[in-house]
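Commentary on secondary and tertiary structure
In case you want the letters, here they are:
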Amino acid sequence: MSAISARRTSSAAAHKARGGAVLPWLALPALLAFAAFALIPLIGVLLLSFTSWDTLGEIKLTGLESWRAVLSDPGLPHALWVTFLITALSWAVQTPASILIGVFLAGRQRYRELLAVLYFIPLLLSSAAIAITFKALLDPNFGLGAGLHIDLLNQDWLGTPSLAMGVVIFIVSWQFIPFHALLYQGGVRQIPRSLYEAAELDGAGRVRMFFNITLPQLKYTAITSSTLMVVGSLTFFDLIFVLTEGGPGDATRALALDMYKRGIQANLMGQACVIGVILVLVGLALALLLRRLGGRNPNASQLEGA
Amino acid sequence: MESRTSSRRTFLTLSMGLPLGAALAACGTSGPAPSGGGAGGGATGGSGGGGAKATYWFLQGPPGEAPRTAAVQRFNKANPNGQIELTTIQNDAYKTKIKTAIGANQAPTIIWGWGGGGLRSYVQAGQVEDLTSWFEQNSAVKDRLFPSSFGAATIDGKIYAMPCETVQPIVLFYNKKVFEKVGAQPPQSYGDILDLVKKFNAAGIAPFSLAGQSRWTNMMWLEFLFDRIGGPEVFQAVFDGEKDAWNNPASIEALTKMQELIKANAFIKGFSSITADSNADQALLYTGKAAMMLHGSWSYGIQQAQGGDIVPSGGLGWMNFPPVDGGKGDPSDTVGNPGQYLSISSKATPEQKEIAKKFFATGVLDDQEQKDWVGTGGVPIVKGSDKLFAGSKDAEFLNFIYGVASNAKVFAQSWDQALSPTAAEVLLDNIAKLFQLSISPQQFATNMNAVIGK
């Protein structure tokens, strides 16, 4: 291993010596794809947010009118609050569960490998299919509770605002915990054994080792996983759309859903684009914030001395 | 190292496989049934050599696809030089696709739709032909159809669409077996409805089934309460864009009565999470978990197909919505879809427009198409189509629908179709909140007044 990596660094250095133009060339395909599929549409959305367009007629430049309409709509703070709730609650449920399952699966026993495969299954299913299935199971008249005659299960799951929110959080967690557990599993397996051996010699117990070695060593894994969770949950759409369509009333009407309803159902493309811009800004701010939490220098090693 | 190289190779094959898979998937979604036309066909169809071809998109699946397809095929056989090329598209996908195509100037020659507010938005964008003078020259085409079907085709006094297919009023369905079991009679007035609510609740049966998550299902209740209490003028004022039209005392009274019904548990537990798409509301009625249901006349076909023996055994009852005591509305009034609508794209070539007009005059609702629609349990919007019902096993229901449609003093169009898509979305949103009891009738009126005329 070390011989190969040494050779690689030396050849890279040789390239650099011959001409610095090689490395920028390599970045070009990625940059082009990023420009074509992210930057240009983003600029389009930004421009459209200053217009009124019903998707049929002319696109009319109306300055800040769409912005004023969206920002003065009481639906916006509500949608922001719903989005925040979904983000915060699903993070709070998923992170501890993922860490515990990830640590558990990092062990190399046979039965754990088998369980790892089973845990992974929900991630393979499409969100729409999951939503349709849960909707059928939770149906107040023909669902699980009614079928098995269990009164506890026979709630108006998707018809009561707080229960509907809980169901959304539960399903999101059920679907994505396997993925984040996988991330943590990888993180745990990279922690050098020597740390644990040293702790054992010092007489530390399992719980102590978990809190003093495993958790701190998982810091960057946690930041990666949290960024994915937070930014991902900003754009939850398919699951909520199929499950509750934002209801009951507007109890689960998150930003992404609000954007769809305004743009596609109410024909207000300008306003939908305003919400799109807000989503991008919120997502960027959160991603930057999470990077900050990781400390000034994310490349610093935690393995010194290990 | 072994495993590492091999995993890299699988990654490469994976990454090459992905675009291919994506391309295949794209083919799957953009290649609807028989036509090869696709989205580009509408604007460019005329330039391909030989006879001109008009294009026509409509909804896939039963019950409508077969009669529509057969009508086009008969027309094509009779007109070898002016063919119509058809494309079928799924219901929900159609609504988005047709809007996108029209916005991109790539609409089909013949635009199938629901009339009303959607048609108005096409008209305002200058995307559909004015057919007023054509109907004047071809008055026979117009005169044989129900006059009520032209309301939703008329925008600011001009006709922009040819009414077609069937009439679909909203009907109060009930399960006769459940009524017998409880010893109840169908309601003759709104007061009876309130009594029945208590009676059925006491018997442990939900009085009404309702698919509340779909929202337009809730709307049907408001449509009837508004009409029976205040007459058709109340919503007409909204439609005409009168300021603060929702503040009409009749409107507030209807909204208040609506919330009283909900508080009295008139609707099945958990109604706000039931969707109409899954037909769970229909199932509640035919399994006897609910006694009554307000729904579109197409519900009859669903009950027949899925409801076991409820229709053949005569267990399904139906009636028009009863009057509200002291209300102004005429009890013969009804609401729903007065027809479906065909418009001609203003971006089509003159040859294509000619083909479309010929189809309107000779192809749409010819004798065979009328028979086909009757066969699906529908009532064609043609005067005298009731003579085709004889011998049909559904004759009783068809005659009832024909009677409702032809005797209605006012056949109002469903609100969400009549309003612009923008106002309709706000309406449905506020209806969901009204039924959730999270806003009061006055808040509903205030929220809705804000989008009048938009």
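Residues numbered from 1 in each chain as written. Chains lettered and ligands numbered in written order. Predicted model: local features only at pLDDT ≥ 70, side-chain atom pairs only at ≥ 80, totals over all residues.

**Concerning the domain arrangement of chain B**
Residue and element names in this part refer to chain B. Taken domain by domain, chain B consists of domain 1 (49-165 + 339-364) and domain 2 (169-336 + 414-449). Averaged C-alpha coordinates put domain 1 and domain 2 at centres separated by 32 Å. Across the boundary between the two partners, domain 1 contributes eight residues, which contact seven residues of domain 2. Partitioned by chemical class, the residues of the side of domain 1 that touches domain 2 number two nonpolar, five polar and one charged. (Domains from an automatic or database assignment. Contact = placed C-beta atoms within 7 Å. Nonpolar A, V, L, I, M, F, W, Y, C, P; charged D, E, K, R; others polar.)

**Re the UniProt feature "transmembrane region" (unreviewed entry) in chain A**
The feature "transmembrane region" (unreviewed entry), as annotated in UniProt, sits at residues 21-48, 79-105, 117-138, 158-184, 218-244 and 264-290 of chain A in this numbering. What you have in residues 79-105 of chain A is 100% helix and 0% strand, and the ends, taken at the C-alpha atoms, are 37 Å apart. (UniProt positions renumbered as here; feature names shortened; annotations may be inferred. Helix = DSSP H or I, 4+ residues; strand = E, 2+ residues; numbered from the N terminus.)

**A short note on the UniProt feature "domain: ABC transmembrane type-1" (unreviewed entry) in chain A**
Residues given the UniProt feature "domain: ABC transmembrane type-1" (unreviewed entry) here are residues 80-290 of chain A. Taken end to end, residues 80-290 of chain A comprises 77% helix and 0% strand; its first and last C-alpha atoms sit 19 Å apart.

**A word on the environment of K99(B)**
Residue and element names in this part refer to chain B. Positionally, K99 belongs in helix α4 (residues 91-103). Given 20 C-beta atoms within 10 Å, K99 falls into the buried group. Separated by 19 residues in the primary sequence, K99 and G118 have C-alpha atoms spaced 9.4 Å apart. (Buried ≥ 20, exposed ≤ 12 C-beta atoms within 10 Å, placed from the backbone.)

**Quick word on unusual backbone geometry**
What you tend to see is this: most non-glycine residues have negative phi, and most peptide bonds are trans. Look at R215(B): it is not a glycine, yet its phi comes out positive at around 70 degrees. Phi angles above zero are rare outside glycine, and D244(B) is one such case at about 55 degrees.

**Describing the interface of chain B and chain A**
Of the residues lining the interface, 27 residues belong to chain B; the matching set on chain A comes to 23 residues. Listing elements by their share of the side of chain B that touches chain A, those giving two or more residues are α4, α5 (116-124), α13 (280-286) and α19 (421-435) of chain B. The dominant element in the side of chain B that touches chain A, judged by the number of residues it contributes, is α19(B), at six residues. Tallied by class, the residues present in the side of chain B that touches chain A amount to nine nonpolar, twelve polar and six charged.

**Description of the packing of helix α11 (residues 219-234) of chain A against helix α14 (residues 269-293) of chain A**
Packed helices, taken two at a time, are described by the angle between their axes plus the distance between the axes. Residues and elements named next belong to chain A. Interaxial distance between α11 and α14 falls to 10 Å at its minimum, and their mutual angle equals 165 degrees. Looking at the two axes, α11 sits roughly antiparallel to α14. As for the relative orientation of α11 and α14, their crossing is right-handed in sense. Contacts between α11 and α14 involve I223, S226, T227, V230, V231 and L234 from the first element and L279, V282, G283, L286, A287, L290 and L293 from the second. Residues belonging to the contact of α11 with α14 are distributed by class as follows: ten nonpolar, three polar and no charged. (Axes fitted to C-alpha atoms, helices over the stretch in contact; angles between N-to-C directions. Parallel < 35°, antiparallel > 145°, perpendicular 65-115°, else oblique. Left-handed = near helix turned anticlockwise from the far one by under 90°.)

**Some details on the sheet that holds strand β3 (residues 110-113) of chain B**
All names here are of chain B. On the basis of which strands lie adjacent, the open sheet formed by five strands has the order β2-β1-β3-β12-β6 and mixed pairing. Where the open sheet ends on each side, the last strands, each with one partner, are β2 (83-89) and β6 (162-164). Across the sheet, the mean angle from the axis of one strand to that of its neighbour is 25 degrees, orientation sign disregarded. Judged from the four bridges that link them, β3 and strand β12 (residues 340-344) form a sheet pairing that is antiparallel. Following the sheet pairing, I111 is matched in β12 by S343. Those strands touched by helix α3 (residues 65-78) are β1 (53-59) and β2, and its axis lies near 165 degrees from that of β2. (Pairing = 2+ DSSP bridges.)

**Structural notes on the confidence of the model for chain B**
Residue and element names in this part refer to chain B. For chain B, per-residue confidence averages 85 on the pLDDT scale, and residues scoring 70 or more make up 89% of the total. Model confidence for chain B, summarised as mean pLDDT per element, is weakest for helix α2 (residues 41-44) at 37 and strongest for strand β8 (residues 206-209) at 96. Counting interchain partners and residues more than four positions distant, the pLDDT-below-50 stretch residues 1-50 has 37 contacts. Among the prediction metrics, the complex's ipTM stands at 0.78, with pTM recorded as 0.81. (pLDDT = per-residue confidence, 0-100.)

**A word on the environment of S173(A)**
Residues and elements named next belong to chain A. Its place among the elements puts S173 in helix α8 (residues 161-189). Assessed through the 21 C-beta atoms surrounding it within 10 Å, S173 is described here as buried. Residues S173 and A92, spaced 81 residues apart in sequence, show a C-alpha to C-alpha distance of 9.8 Å. Not counting residues up to four positions away in its chain, the partners in contact with S173 are S90, V93, Q94 and A97.

**Some remarks on the nonpolar core**
When a protein is soluble and globular, its nonpolar side chains tend to lie buried together. Membership of the largest hydrophobic core comes to 133 residues, with the highest contact counts inside it found for F208(B), M258(B), A290(B), Y341(B), L342(B) and A405(B). A domain split of this core shows at least three residues from each of domain 1 (49-165 + 339-364) and domain 2 (169-336 + 414-449) of chain B. Excluding its chain neighbours within four sequence positions, the residues that come into contact with Y341(B) are G113(B), W114(B), G115(B), L119(B), A152(B), A153(B), A161(B), M162(B), P163(B) and C164(B). Grouped together as the second largest cluster of nonpolar side chains are 45 residues, Y119(A), A131(A), A164(A) and I177(A) included. (Core = buried A, V, L, I, M, F, W, Y, C linked by C-beta atoms within 7 Å.)

**Structural notes on the pairing of β1(B)**
Residues and elements named next belong to chain B. Of all seven residues in β1, six are buried; the element is thus mostly enclosed. Bridge analysis of β1 against β2 gives seven bridges, and the strand direction is parallel. Opposite K53, over in β2, you have Q83 as the bridge partner. At this point the chain moves from β1, through α3, to the parallel β2, and the crossover so formed is right-handed. (Right-handed = clockwise from strand over helix to strand, strands pointing away.)

**Topic: helix α10 (residues 216-230) of chain B**
Compared with an ideal rise of 1.5 Å per residue, which puts 15 residues at 21 Å, α10(B) spans 21 Å between its outermost C-alpha atoms and is within 8% of the ideal. Of all 15 residues that make up α10(B), 14 are buried, and the element is covered over most of its length. (Expected span 1.5 Å × (residues − 1).)

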